[in-house]
Amino acid sequence: MGGTASNLPKELLSEYQELTFLTKQEINEAHKKFCQLQARENGPNERVSMQNILTLPELKSNPFRERVCHVFSTSDRKDGSLSFEDFLDLLSAFSDSATLEIKSHYAFRIFDFDDDGTLDSEDLKKLVNCLTGETDDARLTLEEMRQLIGNVSPSHRGQTAIRSASLTQTRFLLQILEESDIDKDGTVNLSEFQHVISRSPDFVSSFKIVL
Amino acid sequence: MVIFSRFTSSWKHLRYFSIEVDEGNDNEFNLYYVGVEDHSEGEKEQQVKQEGKRRRERNGKISGRTASEKRSAVTKNSDKREKKHDKHQKTARERRGSKTHEKRRKRNNADEEVVEEECSKEKNVKNERTKTSKLEDEKEQGGKKNKKKSVKTEDVDRNHGKMKPRDCNDVPTKEKTKNRKKLETISEPESKSDSESDLESRDDKAVGVLSSLTPEELEMLKEAMEEKKKLMATLRGKPWPMKKKLIILRESQEFLEKYEGALGKGKGRKLYAYKVVMMKKWMKFQRDFENFKTACIPWEMKIKEIESHFGSSVASYFIFLRWMYGINMILFGLTFGLVMVPEALMGKPYGTLPRKTVPREEEASAMNFAVLWDFGGYAKYSVLFYGYYNNQRAIGWLKFRMPLSYFLVGVGTVAYSYMVVIRTMARNANEEGGGDDTIFNFSWKAFTSWDYLIGNPETADNKFASITTSIKEAIVEDQESRKDDNIHLTRFLRVLANFLVLCCLAGSGYLIYFVVRRSQKFALVGLEKYGWWERNEVNMVMSLLGMFCPMLFDVISTLENYHPRIALQWQLGRIFALFLGNLYTFIIALMDAIQLKRAEEDIVKTNMTIWQANLYNGTVPDNSTAPPITVHPADVPRGPCWETMVGQEFVRLIISDTMTTYITLLIGDFFRAVLVRFLNNCWCWDLEYGFPSYSEFDVSGNVLGLIFNQGMIWMGAFYAPCLPALNLFRLHVSMYLQCWAVMCCNVPQERVFKASGSNNFYMAMLLVILFLSTLPAIYTIVSIPPSFDCGPFSGKSRMFDVIQETLETDFPAWFGMVFSYASNPGLVLPFLLLLVLALYYLQSTSKTYKRVNMELKKKLQVQNEENKKKNKLAALKAASELEQATNAVGKHSNTDSDLGMNENDNSLNETQQHRQKGQKSRYVHPSQGQHNKDPHPISSTHTTTRPPASRSRAVPGHLPGNPQQPQRNSHSNRR
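Here the residue numbering is sequential within each chain, running from 1 through the sequence in written order. Chains and ligands are labelled by the order in which they are written, letters from A for the one and numbers from 1 for the other. Reporting of local features is limited, given that this is a predicted model, to residues whose pLDDT is at least 70; pairs of side-chain atoms are given and counted only at 80 or more, and all residues count toward the totals for whole chains, interfaces and linings. Working from all heavy atoms in the structure, the side-chain values ignore hydrogens and water.

Chemist: Quick question: what am I supposed to make of the overall build of chain B here?
Modeler: A count of helices and strands for chain B gives 36 helices and 4 strands. Burial classes: relative accessible area under 20% of the type maximum marks a residue as buried, over 50% as exposed, and values in between as partly exposed (1.4 Å probe, protein chains only). Among the 975 residues that make up chain B, the fraction classed as buried is 47%. Throughout, a residue-residue contact means that at least one pair of heavy atoms, one from each residue, lies within 4.5 Å. Taking all contacts inside chain B whose residues are at least 6 apart in sequence as the whole, residues at least 24 apart take part in 77%. Carbon together with sulfur atoms contributes 61% to the accessible area of chain B, which is approximately 50200 Å² in total. Secondary structure counts use DSSP, requiring at least four H or I residues in a row for a helix and at least two E residues in a row for a strand, with both numbered from the N terminus. Areas reported as accessible are Shrake-Rupley estimates using a 1.4 Å probe. Residue values count occlusion only from the protein chains shown.

So this is what it looks like as structure tokens:
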């Protein structure tokens, strides 16, 4: 595991350049990083387990980190481990020059928590929970949401805390579906998702991970 | 002949084998395969199937070996065949034979085309070839197969959805067999030459084969290659795992390498090969150049580091800074290369002319640092300022037109800036997609609000909080049920706040005016008598105002109780107004100063004639032929040269602005951070989270500062050519300084704002500033006559007269005539009118497009709803039928197969409907349309437009849990 740039054979490097949106330097950099991660594995393993991948600072604080690993993993065991090529795929999709199409495709798969090809309300709920922070923050959110609702109807404060919080969330989910579910089948599918995403001004600029 | 037919049959098995591997247990495929077999002459489908199965069982993994065996056998045969072919060319009978032979081969090719077509469809490559081959198929089978084929492709898609991991393993065999097929059918001799290192010999052989090919086959081969090339070009945009992409890439490359050289004949062949080689080289060069370009972008790593720590909004400031740096680089290149360097190299050297010499009374202090720091002394009489330039028409051996160049560079600087800013704005507007921005408000909040760049836990926490707030806000805004307790109080407070802000603005304006006037008084008396403060009063006051007024505004804005986003906009607007007001007061004061200087100039002019007269009178009274008395240029009296004064003021302003920025940075960020960090241990409250805390990076304030700085550059660059250089230096330093400051002593913002949303806002501000800063510059250039004894335009009544002069002297007479005609109001006015008309036309067309867009969207929605209803009905019907069927034959053992049949029919119907749907939905967005054909599990058609019906069908639930179970069983039963 020297981690030097010359580790990758030249032909492979050029093929990787052909197949990803990365430049030569970026691929070499990625390879270096990957070798470092690989060195941390227990045995001589071609893949790097998800735990190790998630130690990367770029992914550490991402609420979707596990989804990202699962989406890009080609492992048969579905454990989210990444080979170098999967790793390159990941970086390519998140790179600066990747197209909106490929970015939105992977974003869809990341948000599709149960891998069933559509974003249903369960997926959206999970998504919103991820976005508002997973553990303690979520509770705080609920509290805040309660207050928010409480302002509207101050008499029912207290007992209806949880209900109104979930009500707010549900309202949010309904709004999402209202907007993006064009064929009104109760779920958001890929084409609808891409339609929505393609209009967004800052999706491409924020859907990026840089090593 | 017999051998050949054997070859075809074995080839078929091979194909069958490959497809079997591919589609495995799929039922529909068998159907399709039958369809293919129908037209293959005299072969029992059962037999073939069995053979194929046997072969598959036997071959297992060693298909490669068998293939190579077969290949060698085939090549032997084909060699024989070729010989025969040549030998019997003369006899008519054999010719007929060869004809049938050709025919058969053609048919084979057609078959192969079908298979290929499926592959290509899978790969989502749209090409014309499918059309042509479809036509051929229709000729052969009367379009009977087409239907089945379409069904089949749908099912392939579906299959892909089911077994993604298998998919990538399938590809190699498929591709290989494909290649092999090509090899065998098209160029048999070539396969023999295993040692094909020599391209020439291979080509010769290939040509030998190619000559025996029909032009159609050649055409097909070419098309196949084109397709491969296209595939290779678009491969990186495919959402496939790398393994699959790699395999496809290698296969296509192999294929291309094999046949690239073989196409074309004689001269054309060589040309083709040459073209191919050049293409490869060009691609490689392009890639390297791309790498080089990215390596050349400065500060990329720095910005990325900041991006990962602070999210994209802070990084957007640095990207903006870098963009600005690029623009200033160009401006600097223009002024430096076309104005400063020619004057320094080819113009008259220092000390030859009064304007190029430090006057006698200033000589003593001309090298003092304090004077130089103020850009007086030697700095004032150098290429850095307008006054130094000579009005000589052409300088040096190049006959460089200096005044003209000076004028054109001034105009070009502004024109270039306009162009760049507007172009960037237009590009940003394009990215925003135009029009209906608010309809996906909630979805965007859910789908795009996370900034994937954030790598810092603290920033992530802030982001979580801000997303939560924004979601809540969105809900509240949507409900519109927010009731203010006391609307009157809020209104009153807001009015009060605005009143206070106006007072601030007016006060700062007056202060600047007052200070500038006072400084003029000082200047009249002579600056030497005053201290440092009096000399730098104007700049210091302006910088201090720029520093403290925003804080004041911030305090005032807490009165207003606005929503944070709106509050930010107000804040930005106020700071903008403050800066603008200050700048304009400064300019108005400068105008006054210019008037004073011009009055002074008149006095100097009259004095000058007296002085000259005295000079001549004193020595040589009336001998005009005698050489004029040489007076040292430093002693010659001179005018005040208001242009240099203006330039000097701007330079000083920039310098002091830069200094205040840096000092604020050091004190406000660095020392605060140091204090907080080290005093925290011995303080009575928590400094880090309590009152002083660490500072946040103020994106909007910094951007505004940058914009105004640039405005000053644009304003002053005409009178001080050194300004772009100075600004370049400043930007360079602040890039490093601010990067360092952000990384070491700032904390992530609590309110994380989106970067790109405000991009165009900043650009619009930049445009406004650009316009406002060019106004005074243009005014001075057009309406004030230049000084009589300094600058490139001295002696002219107006600066733009230089154009007239050039037209008259440097261009032929007819050009001047044409120009004068063209500038005639009779021509200019219609031209302007035309421009206005074009503008109007473009605007109205864009409006129409917007409306059409909306209509299409509505239409789409309606259609989708209709489709949904239809699907639901069909699905319900199918479900009820299914129920009946299962009820009726509940006890029979073959329930499963029946069920499977029904399911198949249903899915067939469905897939067709989906196809229609997919075609319709293609109008939505190009990317959507493409994805309908995507083989990927999630993007495939059946998932994208799967109606809820499929789920409702599962509800009657004979087999709860997995609705796909019966289908699979039925497949195995049938087989």
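We are not done yet, so read on.
Chemist: Would you explain the overall build of chain A in this entry?
Modeler: When its secondary structure is counted, chain A shows 12 helices and 2 strands. Beginning at the N terminus, the succession of helices and strands in chain A can be written as α-α-α-α-α-α-α-β-α-α-α-β-α-α. For chain A, the proportion of its 211 residues judged to be buried stands at 61%. Contacts spanning at least 24 positions in sequence make up 54% of the contacts within chain A whose residues lie at least 6 apart.

Chemist: What's the story with the state of the cysteines in this structure? I'm lost.
Modeler: Working definition of a disulfide: a covalent bond connecting the sulfur atoms of two cysteines. All names here are of chain B. Throughout, disulfides are identified as pairs of cysteine sulfur atoms within 2.5 Å of each other. One pass over the full model with this rule turns up 1 disulfide over all chains. Bridging Cys641 to Cys790, the disulfide has an S-S length of 1.9 Å. Sign of the S-S torsion, about 95 degrees for the bond between Cys641 and Cys790, identifies this disulfide as right-handed. Within this pair, whereas Cys641 is found in the loop between α24 (564–618) and α25 (642–679), its partner Cys790 is found in the loop between α28 (755–783) and α29 (801–810), the two being separated by 149 residues in sequence. You'll find Cys641 and Cys790 in the same group, each marked buried. Counting only cysteine sulfurs, Cys504 is the nearest neighbor of Cys503, a cysteine outside any disulfide, at a range of 7.2 Å.

Chemist: Looking at this model, I keep getting lost on the nonpolar core. Mind explaining?
Modeler: A general tendency of soluble globular proteins is for nonpolar side chains to be buried together. Formed by 101 residues in total, the largest nonpolar core has its most connected members in Phe318 and Met799 of chain B. The element that contributes the greatest number of residues to this core is α24 of chain B, accounting for 14 residues. In this structure, Cys69, Leu88, Leu190 and Phe193 of chain A belong to the second largest nonpolar core, which totals 82 residues. We call a set of buried residues a nonpolar core when its members are Ala, Val, Leu, Ile, Met, Phe, Trp, Tyr or Cys and they connect through side-chain atoms within 4.5 Å of each other.

Chemist: What am I meant to see in the packing of aromatic side chains here?
Modeler: Whether two aromatic rings pair depends on their centres lying within 6.5 Å, for rings of Phe, Tyr and Trp, where Trp uses its six-membered ring; planes under 30 degrees apart make the pair stacked, over 60 edge-to-face, and the rest tilted. Tallied over the full model, the rule gives 45 aromatic pairs over all chains. Plain terms: the ring middles of Trp282 of chain B and Phe285 of chain B are 5.6 Å apart, the flat faces sit at 25 degrees to each other, and that makes the pair stacked. You can see Trp282 of chain B and its partner Phe285 of chain B sitting in helix α13 (residues 266–296), 3 residues apart, about one turn around the helix. Both rings, one in Phe811 of chain B and one in Phe815 of chain B, keep their centres 4.8 Å apart while their planes meet at 20 degrees; by these two values the pair is stacked. Judged by its relative accessible area of 39%, Phe811 of chain B falls in the partly exposed class. Residue class for Phe815 of chain B comes out partly exposed when judged on its relative accessible area of 30%. A network of ring pairs unites the aromatic residues Phe64, Phe72, Phe94, Tyr106, Phe108, Phe111, Phe193, Phe203 and Phe207 of chain A together with Tyr452 of chain B as a single cluster. Here, over-ring charges are defined by two tests on the NZ atom of lysine or the CZ atom of arginine: distance to the ring centre within 6 Å, and angle to the ring normal within 35 degrees. Here the basic side chain of Lys228 of chain B rests over the ring of Phe255 of chain B, its NZ or CZ set 5.0 Å away from the ring centre. Its guanidinium or amino end placed over the ring of Tyr388 of chain B, Lys356 of chain B lies 4.6 Å from that ring's centre, counting from NZ or CZ.

Chemist: Which parts of the structure should I look at to understand unusual backbone geometry?
Modeler: Glycine aside, the phi torsion of most residues is negative, and most peptide linkages are trans. Residue and element names in this part refer to chain B. The phi dihedral of Lys399 is positive, around 55 degrees, even though this residue is not glycine. Position of Lys399 relative to the elements: it lies in the loop between β1 (394–395) and β2 (400–401). Phi at Cys641 is positive, roughly 55 degrees, even though this residue is not glycine.

Chemist: Sorry if this is basic, but what is going on with the side chain of Asn390 of chain B here?
Modeler: Residues and elements named next belong to chain B. Residue position: Asn390 is located in the loop between α17 (377–380) and β1. Asn390 sits in the buried class, given a relative accessible area of 7%. When near neighbours in sequence (up to four residues on either side) are disregarded, Asn390 contacts Glu343, Lys348, Leu353, Arg355, Lys356, Pro403, Gly791 and Pro792.

Chemist: Can you help me understand the packing of helix α5 (residues 65–72) of chain A against helix α7 (residues 100–111) of chain A in this one?
Modeler: The relative placement of two packed helices comes down to the angle between their axes together with the axis-to-axis distance. Residues and elements named next belong to chain A. Axis lines are fitted through C-alpha atoms, for helices just across the contact stretch, and the angle between N-to-C directions can take any value from 0 to 180 degrees. Direction vectors running N to C along α5 and α7 enclose 115 degrees, while the axes themselves pass 9 Å from each other. The element α5 and its partner α7 pack so that their crossing is right-handed. Contacts from Arg67, Val68, Val71 and Phe72 of α5 reach α7 at Tyr106, Arg109 and Ile110. A per-class count over the contact of α5 with α7 returns 5 nonpolar, no polar and 2 charged. Left-handed describes a crossing whose near helix is turned anticlockwise from the far helix by less than a right angle; the clockwise case is right-handed. Nonpolar residues are Ala, Val, Leu, Ile, Met, Phe, Trp, Tyr, Cys and Pro. Charged residues are Asp, Glu, Lys and Arg, and all others, Gly as well, are polar.

Chemist: Before we go on, may I ask you to explain the environment of Phe407 of chain B in this structure?
Modeler: Residues and elements named next belong to chain B. Note that Phe407 resides in helix α18 (residues 402–432). For Phe407, a relative accessible area of 10% puts it in the buried group. Note: C-alpha distance between Phe407 and Val802 (395 residues apart in sequence) is 7.8 Å. Not counting residues up to four positions away in its chain, the partners in contact with Phe407 are Phe718, Ile781, Phe793, Met799, Phe800, Val802 and Ile803.

Chemist: Looking at this structure, how should I read the side chain of Ser787 of chain B?
Modeler: Residues and elements named next belong to chain B. With respect to the helices and strands, the residue Ser787 is situated in the loop between α28 and α29. In the analysis that follows, any N or O atom pair within 3.5 Å is treated as a polar contact, provided that within protein one partner can donate a hydrogen and the other can accept it, and provided that, for residues neighboring in sequence, both atoms belong to side chains. Reaching out from Ser787, the side chain makes a polar contact with the side chain of Glu643 at a distance of 2.6 Å. Leave out the neighbours within four places in its chain, and Ser787 touches Glu601, Cys641, Trp642, Glu643, Ser794 and Gly795.

Chemist: Where do I start with the pattern of salt bridges in this structure?
Modeler: A side chain with one charge may pair with a side chain of the opposite charge, provided their charged atoms come close. Any Lys or Arg side-chain nitrogen located within 4 Å of an Asp or Glu carboxyl oxygen qualifies as a salt bridge. Overall, the coordinates contain 17 salt bridges over all chains when judged by the stated rule. In this structure, Glu15 of chain A engages Arg250 of chain B in a salt bridge whose closest nitrogen and oxygen atoms are separated by 3.1 Å. Of this pair, Glu15 of chain A sits in helix α1 (residues 10–19) while Arg250 of chain B sits in helix α12 (residues 242–260), placing the two residues on different chains. For Glu15 of chain A, a relative accessible area of 10% gives the class buried.

Chemist: What is the right way to read a nonpolar patch on the surface from this model?
Modeler: Residue and element names in this part refer to chain B. Together, Phe369, Trp373, Met659, Ile663, Leu666, Ile667, Phe671 and Trp740 make up a nonpolar patch on the protein surface, roughly 820 Å² of accessible area in all. At the level of elements, α16 (369–373) and α25 are the ones that each hand at least two residues to the nonpolar patch. A per-element tally of the nonpolar patch places α25 first, with 5 residues. Note on Leu666: relative accessible area 36%, which makes it partly exposed. To count toward a patch, a residue needs a relative accessible area above 30% and no salt bridge. Like charges then connect within 9 Å, nonpolar side chains (Val, Leu, Ile, Met, Phe, Trp, Tyr) within 5 Å.

Chemist: Help me out: how do you make sense of the packing of α25 of chain B against helix α26 (residues 699–716) of chain B in this one?
Modeler: Residues and elements named next belong to chain B. At a minimum axis separation of 10 Å, α25 and α26 run at an interaxial angle of 165 degrees. The angle between the axes of α25 and α26 places the two elements in the roughly antiparallel class. Seen from above, α25 lies across α26 with left-handed handedness. Across the interface between the two elements, Phe650, Leu653, Ile654 and Asp657 from α25 touch Asn709, Met712, Ile713, Met715 and Gly716 from α26. When describing relative orientation, an angle under 35 degrees is termed roughly parallel and one over 145 degrees roughly antiparallel, while 65 to 115 degrees is termed roughly perpendicular and anything else oblique.

Chemist: What is the right way to read helix α11 (residues 215–234) of chain B from this model?
Modeler: One full turn of an α-helix is made of 3.6 residues, so residues set three or four places apart face in the same direction. Take the number of residues in a helix, subtract one, and multiply by 1.5 Å to get its expected span. Along its 20 residues, α11 of chain B runs 28 Å from first to last C-alpha, staying within 8% of the 28 Å computed at 1.5 Å per residue. Inspection of α11 of chain B places Glu217, Leu218, Met220, Leu221, Ala224, Met225, Glu227, Lys228, Leu231 and Met232 of chain B among the buried residues, and these make up the whole buried set.

Chemist: Please explain the confidence of the model for chain B as it appears in this structure.
Modeler: When pLDDT drops low, the exact placement of atoms in the prediction is not to be read closely. Residues and elements named next belong to chain B. Known as pLDDT, the predictor's confidence for each residue is given on a scale from 0 to 100. Mean pLDDT for chain B: 70, with 62% of residues reaching 70 or above. When the elements of chain B are averaged for pLDDT, helix α35 (residues 949–954) gives the smallest value, 37, and helix α27 (residues 723–745) the largest, 91. Counting contacts from residues 1–100, a segment whose pLDDT is below 50, to residues more than four positions away or on other chains yields 124 contacts. Taken together, the stretch residues 893–975 has pLDDT below 50 and engages in 145 contacts with residues farther than four places along the chain or on a different chain.

Chemist: Looking at this model, I keep getting lost on the confidence of the model for chain A. Mind explaining?
Modeler: All names here are of chain A. Per-residue pLDDT for chain A averages 73, and the proportion of residues at 70 or more is 75%. The secondary structure element of chain A with the lowest average pLDDT is helix α9 (residues 136–152), at 45, and the one with the highest is α7, at 87. Low confidence marks residues 1–6, where pLDDT is under 50. Its contacts with residues over four positions away, or in another chain, come to 6 contacts. Here residues 135–140 is a poorly scored stretch, pLDDT under 50, and it has 5 contacts once near neighbours within four places are set aside; other chains count.

Chemist: So what exactly am I meant to see when it comes to the environment of Asn291 of chain B here?
Modeler: Tracing the chain through its elements places Asn291 of chain B in helix α13. A relative accessible area of 9% places Asn291 of chain B in the buried class. Residue contacts for Asn291 of chain B: discarding those within four places in its chain leaves Gln17, Thr23, Lys24 and Gln25 of chain A.

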